[in-house]
Amino acid sequence: MIDELGQFALILALMLSLAQAGFSIAGRARRDAALTGAGEGAAMGAFVAIALGFAALIHAFVTSDFSVMNVAANSHTAKPLIYKIAGAWGSHEGSMLLWCLMLTGYGAVMAAARRLPFGLKASAVATQGLLGALFIGYMVFASNPLNRLASPPFQGDSLNPLLQDPALAGHPPFLYAGYVGFSVVFSLSAAALVEGRVDPAWARWIRPWTLAAWSFLTIGITMGSYWAYYELGWGGWWAWDPVENASFMPWLMGTALLHSAAVTEKRGALASWTVLLGIGAFTLSMMGAFLVRSGVLTSVHSFAIDPKRGVLLLGILGVAAGGGLALYAWRAPTLKDEAVFAPVSREGALFLNNILLAAATAVVLIGTLLPLIRSAIDGTPISVGAPYFNTTFGALVSPALIALPAGALLAWKRGDLPAALRRLWIAGLAAAVAILATFSLVTPRSLLAACGIGLGVWVIFGALAEAAERVRLFRAPLQEVGRRTLGLPRGAWGMTLAHIGIGVFALGASFETAWRAEATEALGLGQTMHLGGYTLRLERVAQEFGPNFEAERAYIRVTDASGALLCEAEPDRRLYAAGGQTVSGVAICPRLLDDVYVVSGEKRLGSSPAGGGGPQRGGGGSLPSSAAANQALSAASGGARVIAPPPPLRGPPPPTGEENATYLVRAYWNPWVHFVFAGPLIMALGGLVSLTDRRLRFAVTARVRAALAPAAAE
Amino acid sequence: MSLLPKSRTARRRLMTLSVAAPVLVLAVAVALYAMRGSISFFYTPSQAAAAHVPTGQAIQLGGMVRMGSVVKKPDGEIDFVVADKRATSPVTFKGELPDLFREGQGVVAIGAYDPDGVFVAKQILAKHDEKYMPPELAAALKKQGEWRGDGAQPTYGAAP
């Protein structure tokens, strides 16, 4: 019953989105506030309707209603409650519902905004309604999460165990809040093109949306990266996988947009470029959804696919992005964009930043799509490896980071580069010391990594120098410094934080990539292995039980060079009976900035050090869990899958003794890896701090104050 | 200043171009340079044999793990045979296999052939989903008439 009500609510939301677009377009054409008001009401109604549908899906998951197809395919009664709820967006259908929830939610907030002028708002609400109708229509007709099953099963198939994880429960909502946040910027950009007006006020209106979307996207990507780091068990945090790139490209473009919008807001320049970025950011977000959900590219994160849906999503992408870009091609030449600026000025530096970020986005896009293009041309399947991305992305982003501290210190209109560089002498000195120290002290030597460290230090100290400059630290009496510190707008603090964040990230990424260590060994009980300066000793292995899995857990004592105990690592291998999958549970021993990362592997019988057993022949998976997994698998798939009987053992049977069993233990030492995750979080914090800037809410007062006190700013 | 064009628009364009052009050149140059070393081709064993893949060239090898071919040595090395319908290729890999690696199922190995014709894998592609099949592998198998849609995996004869 609740499920049917949810279905009804989704269809109602589709109708309301269409009404939202229709009323707003008609109201804009006739300049009728009553009609546009109805459009805004429909936008809020669509959000409420989608929220009801979403609640119905959550209800079905929480009560384990297996007559709903999506629940039967992705849930299980034995699953913990949080993962039952997270299961609602773990599947393709559920994630599209989450997407629509965000889309209509942002639309409703925009419809409720009071500052926007009549024409711009009506056009933007109409565009948002059209986007909503596209995606809700796709969900209702092609990927309905609330569809019933004719004959409900007794038990569900469970959510993929890799996805049963707190970071991943939160990852999609944040990521989608980011992706879809750009939809408002898209709508406002399209509206600006329709209205033919892009001015500093418009740039200020898109600012909070861009900031919110960018901050959420930053958090979402970081959570996803952290999840991949500790759940997938390969010890890395970024692989330039298509699915990762899909989320990274809108982020890059959103970063460019934040900076170019600042130029448009302060100087009225780069107007049509800002509009193009506004359209581009959401286009790349939609493309991300298409790449992830259509399965056209090989990805370690890929899920089983339905080609029909891929084609439909591509169609939506074509209609929405094509419409936006066509509108741009048609209307952009009419935008006034006459401001000239000097090359050495804040806007000149921001322009350079934008060119570099756009180029970086382009090389990532080319690398991601090249396999697709190549196989379309001559059918040759190729793959583009991580070295391509590291080289191209590094080469384009390093100049941006080198220019960053100086650019932030330049004045608008006409900057003084020598003066800016003089203020950066501490940062320059710190960077030089960091490069020299890293290059001479850390082995094996790596000049590239040392330069990366230097770059990070340069950016961090540069951001601090910029903040110090603003409050006149050491150059004015302490009282004035205090007054200026308190009076500094939140936007400035946000910028400083975000720049420090990128510096921190550069430190971590450079150090971790260059000096991580890895070791793999088959350990018997009581045996030890060495990794970096650490010693790992396998103490014991025990069979244990979780809520919906059974685990083979290894207890490994990690000690440092002096013999002091670092931690007891407890990596495990979990068998989830419901889906028949084995998953490695990683154990991480944090130490200040570093992690010791331990994965326990398969048990191997009969491989005594004396070599009496010889190589072991057998199917994949450890002996007990593999057999159980196969049984569970055949039971779960109703016998449709052909499971071969275990192959006969060849040669003399191995000595059965459990005492000779060894376990493959893989361990990584990931130095400074905490910076890799802390950096982006600091950046997101900067974005959120900036979002609370009073100037965004009281734009008029700020403008008056700025007009009254130009002297105070200098 | 006499060298600069007089009109504001032309000056703006000149300025845009003078910043954008070097960046564009840098981007294209770096992208072309980086592509030389990091594009790898995907082959099934019979395609790799037909293409005479040179020793040491990084490729992706995809196919089915032949039943009963997995040998796990005490030192952590794993040998197995990747097969398509027409040819097979021995693979050796040192490291932890993905949790979903099973005999009789599809696999993609990344690495290169050594002089003896053994494929030395540096990485075995992990998957989140046991129903997932890399698109290249699915396409290659379809070409050979081995594809039977989702669910049914082609089965290859047991070890000789």
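Reading guide: rules and limits
Residues numbered from 1 in each chain as written. Chains lettered and ligands numbered in written order. Predicted model: local features only at pLDDT ≥ 70, side-chain atom pairs only at ≥ 80, totals over all residues. Helix = DSSP H or I, 4+ residues; strand = E, 2+ residues; numbered from the N terminus. Buried ≥ 20, exposed ≤ 12 C-beta atoms within 10 Å, placed from the backbone. Contact = placed C-beta atoms within 7 Å. Domains from an automatic or database assignment. Pairing = 2+ DSSP bridges. Axes fitted to C-alpha atoms, helices over the stretch in contact; angles between N-to-C directions. pLDDT = per-residue confidence, 0-100. Core = buried A, V, L, I, M, F, W, Y, C linked by C-beta atoms within 7 Å. Parallel < 35°, antiparallel > 145°, perpendicular 65-115°, else oblique. Left-handed = near helix turned anticlockwise from the far one by under 90°. Nonpolar A, V, L, I, M, F, W, Y, C, P; charged D, E, K, R; others polar.

Colleague: It is not clear to me how the overall build of chain B should be interpreted in this structure. Could you clarify?
Modeller: Each helix and strand counted, chain B has three helices and seven strands in total. The N-to-C order of helical and strand elements in chain B reads α-β-α-β-β-β-β-β-β-α. Taken across its 160 residues, chain B has 39% of its residues classed as buried. Of the contacts made within chain B by residues no fewer than 6 positions apart, 54% connect residues no fewer than 24 positions apart.

Colleague: When you look at the domain arrangement of chain A in this model, what are you seeing that I'm missing?
Modeller: By a frequent convention, interface size equals the accessible area lost on bringing the separate parts together. Residue and element names in this part refer to chain A. If you check the domain split of chain A, you get domain 1 (1-164), domain 2 (170-417), domain 3 (423-516 + 671-714) and domain 4 (520-608 + 621-636 + 655-670). With centres defined by C-alpha atoms, the gap from domain 2 to domain 3 works out at 23 Å. Where the side of domain 2 that touches domain 3 is concerned, the elements lending two or more residues are α8 (200-231) and α13 (386-409). Here the side of domain 2 that touches domain 3 takes twelve residues from α8, the largest share from any one element.

Colleague: In this structure, what is going on with the sheet that holds strand β10 (residues 594-604) of chain A? I would like to understand it.
Modeller: The strands making up a sheet associate through hydrogen bonds between their backbones, and the pairing can be parallel or antiparallel. Residue and element names in this part refer to chain A. Strand order in the open sheet formed by four strands is β2-β12-β10-β9, with antiparallel pairing between adjacent strands. Either end of the sheet is taken by a strand with one partner, and the two such strands are β2 (517-524) and β9 (587-591). Neighbouring strand axes in the sheet, compared pairwise and without regard to direction, differ in orientation by 20° on average. Pairing of β2 with strand β12 (residues 662-670) involves eight bridges; the strand directions are antiparallel. Paired with glutamate 518 across the bridge in β12 is tyrosine 668.

Colleague: Can you walk me through the environment of asparagine 660 of chain A in this structure?
Modeller: All names here are of chain A. For asparagine 660, the location among the structural elements is in the loop between α19 (623-636) and β12. The buried category is assigned to asparagine 660, around which 20 C-beta atoms lie within 10 Å. When the C-alpha positions of asparagine 660 and isoleucine 460 are compared, they lie 53 Å apart, and in sequence the two are 200 residues distant.

Colleague: Where do I start with the confidence of the model for chain A in this structure?
Modeller: In low-pLDDT regions, the fine details of the predicted coordinates are not to be read closely. All names here are of chain A. When the pLDDT values of chain A are averaged, the result is 84; 87% of them are 70 or greater. In the predicted structure, residues 607-656 sits below a pLDDT of 50 and forms 86 contacts with residues beyond four places in sequence or in another chain. Across residues 698-705, confidence stays below pLDDT 50; counting only partners more than four residues off in sequence or on other chains, it has two contacts.

Colleague: In this structure, what is going on with the confidence of the model for chain B? I would like to understand it.
Modeller: All names here are of chain B. Per-residue pLDDT for chain B averages 74, and the proportion of residues at 70 or more is 74%. Confidence, expressed as mean pLDDT per element, reaches its minimum in chain B at helix α3 (residues 135-143) with 62 and its maximum at strand β5 (residues 88-94) with 89. Segment residues 146-160: pLDDT under 50, and 30 contacts once partners within four positions in sequence are set aside and those in other chains are kept.

Colleague: Would you mind going over the nonpolar core with me for this structure?
Modeller: A general tendency of soluble globular proteins is for nonpolar side chains to be buried together. Among the nonpolar cores identified, the biggest contains 201 residues, and Trp99, Cys100 and Val185 of chain A are the most heavily contacted of them. Setting aside residues up to four positions removed in sequence, cysteine 100 of chain A forms contacts with Ile50, Phe135, Ile136 and Met139 of chain A. Met64, Phe80, Phe101 and Ala121 of chain B belong to the second-largest nonpolar core, a separate cluster that totals 26 residues.

Colleague: Hey, could you run me through the pairing of strand β6 (residues 106-113) of chain B in this one?
Modeller: Both faces of the sheet carry side chains from a regular strand, because those side chains alternate between them. Residues and elements named next belong to chain B. Within β6, seven of the eight residues are buried, which leaves it mostly tucked inside the rest of the structure. Pairing of strand β2 (residues 59-65) with β6, which is carried by six bridges, proceeds in the antiparallel orientation. By the bridge assignment for β6, isoleucine 59 is matched with glycine 111. Relative to strand β7 (residues 119-124), β6 runs antiparallel, the two sharing five bridges. Bridge pairing in β7 places alanine 109 opposite isoleucine 124.

Colleague: Can you help me understand unusual backbone geometry in this one?
Modeller: Residues apart from glycine generally show negative phi values, whereas peptide bonds are mostly found in trans. Residue and element names in this part refer to chain A. Going from threonine 443 to proline 444, the amide bond is cis rather than trans, its omega being -10°. Counting through the fold element by element, proline 444 comes out in the loop between α15 (425-441) and α16 (447-471). Within the chain, serine 64 stands out as a residue other than glycine whose phi angle is a positive 50°. By the element assignment, serine 64 lies in the loop between α2 (33-62) and α3 (69-74). The exposure class assigned to serine 64 is partly exposed, which follows from the 18 C-beta atoms found within 10 Å. Despite not being glycine, lysine 413 shows a phi value in the positive range, around 70°. Turning to its location among the elements, lysine 413 is positioned in the loop between α13 and α14 (417-422). Classification of lysine 413 by C-beta neighbours within 10 Å gives partly exposed; the count is 14.

Colleague: Sorry if this is basic, but what is going on with the packing of helix α7 (residues 166-195) of chain A against α8 of chain A here?
Modeller: A pair of packed helices is characterised by two quantities: the angle between their axes and the separation of those axes. Residues and elements named next belong to chain A. Where α7 contacts α8, the axes come no closer than 7 Å and their chain directions differ by 155°. One element, α7, and the other, α8, form an angle in the roughly antiparallel class. The element α7 and its partner α8 pack so that their crossing is left-handed. Among the residues making up the contact of α7 with α8, the classes are represented as 24 nonpolar, seven polar and no charged.

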